[in-house]
Structures are given as structure tokens and as C-alpha cells.
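Structural description and commentary
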Amino acid sequence: MLRKGVKFLKKLIVIFLILIGLLISVILFRFISTTSFGEMLAEDISETDEITHINLYSRVEDEPLWLQIDDPEMINTLIEEQSIISIRNQYKRIQKTLDYSMTIHTRFNSYYFDFDDEFFSGRRSDYKIINGSFIEPILQLDDDLEWLTGDELFNTD
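These lines cover the structure that appears in this document, whether it is placed above or below. No experiment lies behind these values; they were computed from the predicted model shown.

When its volume is computed, the largest pocket comes out at roughly 280 Å³. The wall of the largest pocket is formed by 14 residues, among which Ile45, Asp49, Ile51, Asn76 and Ile79 lie closest to the centre. Mapped onto the lining of the largest pocket, the elements with two or more residues apiece are helix H2 (37-44) and helix H3 (72-83). At 5 residues, H3 tops the list of elements feeding residues into the lining of the largest pocket. Its residues placed into classes, the lining of the largest pocket shows 7 nonpolar, 4 polar and 3 charged.

In C-alpha cells form, the structure reads like this:
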């Protein structure tokens, strides 16, 4: 009787260790694997939903600056260029304020992201930028758009 109990206990321990190993490998895979910003957006924004405008906020200068993009062609260009950026999930939370914020508005929802040259934060997760830049495509649009101060944006004098 005692031997049956020991055998059962050994089987139970082996099953428990296998389950722990599977759980650890799933967690490690999640943190090691990379994705792209485009894949992330595709999970949130359906093909039938249309981006109406994008708001950008910059903390780089002494005075915060705002930019709104509502031209469909510019929106498509920006999203296309940013979609190929590779990001990897961060195990540690980012402990600093990132230089830029971007809010993508659709007809039904808004999606909020923070980023700088190294890190990206969105969907309640932090990511390390592996390949590409969120800032370069914005700066390329800079010739056609004007950054506004808070007073200019909200028409306060």
C-alpha cells in the first residue's frame, strides 16, 4: 500500500514539474520573441476601421509641442513606415518618461503609445526597439506639418 502511494506521489511530482517547465518556456518565449508595430496595430485596428487622425506630443524641447495629422495620405505614409519597426517585449518596466506620445484615433477607438529612440510603450506593455525608428518618419513629415505649442493648439492668448 505504501509503495502505491510513493509511486503515485512520484508521478504527481513529474507531472507538476512538466507543467512548471511548460509555463516557464511560454513566459520566456513571450519575452524573447519580437513583433512589429504593424502586427500590434493589426491586432487592434480591423481592416474595416479607418484611422481618422493621429495626435503627436513631443516632450523633447523646453516647451511641449503638439502635432495633428488628419490627411489620409500622410497617415498612411506614417503608418506604413512605422509598421516595419521591430520591437521586443521588455521584462522590466521602463522607469523614465519617453520623449513622444502618439494617439491613433479611429472612428470608434483611440490607441495611445509612448516612444523614444530606444523604447516603446503601448497596450499596457513596454518594449525595446530592435530595428527601426518611430521618430524618423515623423521628422520626414515635419516639412509639411507644423508643431504647435499648447497655447497655439488651444487658441489661448
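To continue, consider the environment of Asn109. Summarising the element assignment, Asn109 is placed in the loop between strand S5 (100-106) and strand S6 (110-115). Judged by its relative accessible area of 40%, Asn109 is partly exposed. In this structure the C-alpha to C-alpha distance between Asn109 and Leu67, which are 42 residues apart in sequence, comes to 19 Å. Within polar-contact distance, the side chain of Asn109 engages the side chain of Tyr111 at 3.4 Å.

Cut-off values and rules
Residues numbered from 1 in each chain as written. Predicted model: local features only at pLDDT ≥ 70, side-chain atom pairs only at ≥ 80, totals over all residues. Heavy atoms only, no water. 1 Å grid on protein atoms, 1.4 Å probe; cavity = no way out; pocket = protein on both sides within 12 Å on 5 of 7 lines; lining within 4 Å. Points joined across faces, edges and corners; volume = space filled by probe spheres on them. Helix = DSSP H or I, 4+ residues; strand = E, 2+ residues; numbered from the N terminus. Nonpolar A, V, L, I, M, F, W, Y, C, P; charged D, E, K, R; others polar. Buried < 20%, exposed > 50% of the residue type's maximum accessible area, 1.4 Å probe, protein only. Polar contact = N/O pair within 3.5 Å; in protein donor to acceptor, adjacent residues only side chain to side chain.

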